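# Structural overview
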Amino acid sequence: MTARLRSVEEDDLPFLHRLTSDPDSTGEFQWYGFQNPHRMRERWQDNGMLSDDGGILIIANGDDRVGFVSWGKQVANRASYYWSMGLIVAPEQRGQGHGTQAHRLLVRYLFDHSVANRIEASTEITNLAEQRALEKSGFTREGVLRGCGFRAGQWHDGVLYSMIRSDLDEKP
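A few points on the structure. Values in this document were obtained by computation on a predicted structure and should not be read as measured data.

Once that is clear, we can look at the nonpolar core. One broad trend across soluble globular proteins is that nonpolar side chains are buried collectively. Residues Val-69, Trp-71, Met-85, Val-107, Ile-119 and Phe-139 are the most contacted members of the largest nonpolar core, which totals 23 residues. Looking at which element gives the most residues to this core, the answer is helix α4 (residues 98-112), with 5 residues. The residues contacting Ile-119, other than those within four sequence positions of it, are Trp-83, Met-85, Val-107, Leu-110, Phe-111, Phe-139, Tyr-161, Ser-162 and Met-163. Within the second largest apolar cluster, 12 residues are counted, among which are Val-8, Leu-13, Leu-16 and Met-40.

What follows is the structure in structure tokens.
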């Protein structure tokens, strides 16, 4: 299994919509209700899902779509910013290490192509699979975010993880 990241192509749009709007595909931790079916196409037509402030890339294994990664710019202060990232792996591809590999690829991509020093990711406190993937990818658990996310009619605690550039130097 060798995952890679690639740009979003027009024929990926139904796949992206499925992973963000179909409750059977989003996974229990990403289901936030039905989404505008035209939103992905409009964004793709506007900028190909890539901008200076963030983007979306497809996780691929050979010719197969595995999922997608996304990231957005977060202002730290007047002089700096950091990236916040996330991903969704298709249900039929989960549990095979694609998420861990995609985290590593996106971290390398963001550090190689921006001056940001920090990348952070968060997940619900009960999403143990994503926590394991982040830790295997080299992220450091920073703490619990109490009542930070509303999903399925109730507030949920989250867990915040981060990686800074110097963490890459410490990894084998």
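Before going further, it helps to spend a moment on α4. With 15 residues, α4 ought to run about 21 Å at 1.5 Å a step, and its terminal C-alpha atoms sit 21 Å apart, in line with that. Listed as buried for α4 are His-98, Gly-99, Thr-100, Gln-101, Ala-102, His-103, Leu-106, Val-107, Leu-110 and Phe-111.

Our next topic: the pattern of salt bridges. Charged atoms that come close allow side chains of opposite charge to pair. Enumeration according to the criterion identifies 11 salt bridges in this entry. Arg-6 is paired through a salt bridge with Glu-9; the nearest N and O atoms lie 4.0 Å apart. Among the residues examined, Arg-6 registers a relative accessible area of 15% and is labelled buried. Overall, Glu-9 belongs to the partly exposed group, its relative accessible area being 41%. Its salt-bridge partner being Arg-118, residue Glu-142 comes within 2.8 Å of it at the nearest N-O pair. Within this pair, whereas Glu-142 is found in strand β7 (residues 140-151), its partner Arg-118 is found in strand β6 (residues 118-124), the two being separated by 24 residues in sequence. Connected through shared salt-bridge partners, Arg-6, Glu-9, Asp-11, Asp-12 and Arg-65 make up one network.

Structurally, Leu-16 can be placed in helix α1 (residues 13-21). For Leu-16, a relative accessible area of 0% corresponds to the buried category. C-alpha of Leu-16 to C-alpha of Arg-4: the two residues are 12 residues apart in sequence and 17 Å apart in space. Leave out the neighbours within four places in its chain, and Leu-16 touches Val-8, Met-40, Met-49, Ile-56, Ile-58 and Phe-68.

Criteria and cut-off values
- Residues numbered from 1 in each chain as written.
- Predicted model: local features only at pLDDT ≥ 70, side-chain atom pairs only at ≥ 80, totals over all residues.
- Heavy atoms only, no water.
- Core = buried A, V, L, I, M, F, W, Y, C linked by side-chain atoms within 4.5 Å.
- Buried < 20%, exposed > 50% of the residue type's maximum accessible area, 1.4 Å probe, protein only.
- Helix = DSSP H or I, 4+ residues; strand = E, 2+ residues; numbered from the N terminus.
- Contact = heavy atoms within 4.5 Å.
- Expected span 1.5 Å × (residues − 1).
- Salt bridge = Lys/Arg side-chain N within 4 Å of Asp/Glu carboxyl O.

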